[in-house]
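Observations on chain architecture
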Amino acid sequence: MPKNVARSTFREVPLEKGFSVLKFQNNSEEVDYYNRDVENSFIQIHYCVKGNSKFHFNNGSYTFNVLDKHSIFLYNPQQKLPINMEILPKTWVISVLISIEKFHSLFSKEAGYIPFLSDNNKNRKYYDNTEIKSSVLLVLQQIFAADSHSSIRDLYIKGKTYELLSLHFDSGENTNDEYCPFLVDDKEVLKIRKAKDIIISKMSEPPTLQELANEVGLNLKKLKEGFKQIYGDTVYSFLFDYKMEHARKLLESNRFNVNEVGLQVGYSTSSHFIAAFKKKFGTTPKQYIINLNQ
């Protein structure tokens, strides 16, 4: 299913049953988009060879930015993870889709060296986000350079993809064997949601991140990463946006003056509140009220 958009190209190369490679090259000045359903029996590995790409999950409620020369590895046997990708200008991406059955057939002898295939992990949700190793990057570039007119192009790409996977998992050098915050157990999701409720209820005097992590029973890293994946922002950026939206509604009620609204959302001086409001909405609270009443 080749696709051409301006100077963007897409090609899917089926390798075997349950095993394919997707090649994206966006050489244009515009963002390109790609959407695809993927069964929950498939592993996804997305390599951003250059540029920047974004993967949206759960109807856009959380987003991964896959930066230049980084990759993400995704697997969730409990639910589908459809691809909803933004390919930013001047970005090249290679994606490998492989069924868990096929993956096990390739690496069954190496299961002891690959954390994902360990007995404790093989039926669990898994996520890995890592910088692409130089050896892997070379093979990715060779896949992109494959002669589009060669009669053995697909066979060449198949061989290079096997090489790619072997290098990716070589010697267990994958990065942290950590589960993705957006694929965490329901208990951890509830703890992150509790953290959101706490900072909203204490918006005028919010706790530190460490205090918040202690209160909900998560370590600091899981709180920060999990919060960003579920709510799409850092804890304090989320809180800032919430405070400004709350302040806007208070101003619209005409029940409080600017100083009173600022105090309610945690600003001890009106000048700090005015600066924050202007940063968010591009206008001062006073001018916002004037515009509402015109």
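Residues numbered from 1 in each chain as written. Predicted model: local features only at pLDDT ≥ 70, side-chain atom pairs only at ≥ 80, totals over all residues. Heavy atoms only, no water.

Describing the overall build of the chain
Test applied: The numbering of helices and of strands both runs from the N terminus, where a helix is a DSSP run of H or I of at least 4 residues and a strand a run of E of at least 2. Each residue's exposure class comes from its accessible area (1.4 Å probe, protein chains only) as a fraction of the maximum for that residue type: buried when under 20%, exposed when over 50%, partly exposed otherwise. Contacts: residue pairs with any heavy atoms within 4.5 Å of one another. Using a 1.4 Å probe, accessible areas were evaluated by the Shrake-Rupley method; residue-level cover was limited to the displayed protein chains.
Summing up its helical and strand segments, the chain has 10 helices and 11 strands in all. Going through the 294 residues of the chain one by one, you find that 43% of them count as buried. When contacts within the chain are restricted to residue pairs at least 6 apart in sequence, long-range pairs at least 24 apart make up 70% of them. Accessible surface for the chain amounts to roughly 15,400 Å². Of this, 49% is attributable to carbon and sulfur atoms.

A look at the environment of Tyr231
Assignment of secondary structure puts Tyr231 in helix α6 (residues 220–231). Its relative accessible area of 22% is what places Tyr231 among the partly exposed residues. Considering only alpha carbons, one finds Tyr231 and Thr63, 168 residues apart in sequence, at a separation of 9.0 Å.

Thoughts on the sheet that holds strand β7 (residues 62–66)
Basically, it comes down to this: In this description, strands pair whenever DSSP reports at least two bridges between them. In this analysis an axis means a line fitted to C-alpha atoms, helices contributing only their contacting stretch, and an angle means the value between N-to-C directions, from 0 to 180 degrees.
Taken in spatial order, the four strands make up an open sheet running β4-β9-β6-β7, and their pairing is antiparallel. The sheet terminates laterally at β4 (32–36) and β7, the two strands that pair on one side only. Sheet twist, expressed as the average angle between the axes of neighbouring strands with direction ignored, equals 20°. Alignment of strand β6 (residues 53–57) against strand β9 (residues 83–87), held across three bridges, turns out to be antiparallel. Each bridged residue has a counterpart across the sheet, and for Lys54 the counterpart in β9 is Glu86.

Digging into the side chain of Asn26
Filter applied, for reference: Polar contact is defined as a pair of N or O atoms within 3.5 Å, subject to the rule that within protein one atom must be able to donate a hydrogen and the other to accept it, and that residues adjacent in sequence are counted only when both atoms are side-chain atoms.
Tracing the backbone through its elements, the reader meets Asn26 in strand β3 (residues 19–26). Reaching out from Asn26, the side chain makes a polar contact with the backbone oxygen of Leu88 at a distance of 3.3 Å. With near-sequence residues (within four places) excluded, Asn26 lies in contact with Arg7, Ser8, Val31, Asp32, Ile87, Leu88, Pro89, Lys90, Thr91 and Trp92.

Here's the deal with the nonpolar core
Using the following cut-off: Here, nonpolar core refers to any group of buried Ala, Val, Leu, Ile, Met, Phe, Trp, Tyr and Cys residues whose side-chain atoms link them within 4.5 Å.
Counting 30 residues, the largest nonpolar core has Ile199, Leu212 and Phe273 as its most contacted members. Elements with a minimum of two residues in this core: α4 (186–201), α5 (209–216), α6, α7 (235–252), α8 (258–264), α9 (270–281) and α10 (285–293). The biggest single contributor to this core is α7, with seven residues. The next biggest cluster of nonpolar side chains, apart from the first, holds 29 residues, and it includes Tyr47, Tyr75, Ile94 and Leu165.

As for unusual backbone geometry
Positive phi values are uncommon outside glycine, yet Lys69 reaches one of about 60°. Turning to its location among the elements, Lys69 is positioned in the loop between β7 and β8 (70–75). Non-glycine residue Asn254 carries a positive phi angle of around 60°. Along the chain, Asn254 falls in the loop between α7 and α8. On the accessibility criterion, Asn254 (53% relative accessible area) is exposed.

Brief notes about the environment of His272
Within the element layout of this structure, His272 appears in helix α9. Separated by 10 residues in sequence, His272 and Gly262 place their C-alpha atoms 8.4 Å apart.

A short note on the environment of Lys17
Tracing the chain through its elements places Lys17 in the loop between β2 (8–16) and β3. In the structure, Lys17 is positioned 85 residues away from Lys102 in sequence and 8.3 Å away in space, judged by C-alpha atoms.

As for α9
Rules: To estimate the expected span of a helix, subtract one from its residue number and multiply by 1.5 Å. The arc in question is traced by the directions running from the helix axis to the C-beta atoms.
For α9, spanning 12 residues, the distance from its first C-alpha to its last is 16 Å, which sits close to the expected 16 Å at 1.5 Å a residue. Three or more residues of α9 are buried, namely Phe273, Ala276 and Phe277. Down the axis of α9, the buried set is contained in an arc of 100°. They therefore lie on one face. Packing partners of the buried residues in α9 comprise α7, α8 and α10.

Comments concerning the confidence of the model for the chain
So the rule is basically this: For every residue, the predictor reports its confidence as pLDDT, a number between 0 and 100.
Chain-level statistics for the chain give a pLDDT mean of 82 and a share of 84% at 70 or above. Under a pLDDT of 50 for its full length, residues 1–5 has, in the predicted model, 11 contacts with residues more than four places off or in other chains. Low pLDDT, under 50, characterises residues 172–184; the stretch is placed with 40 contacts to residues that sit more than four places away or in other chains.

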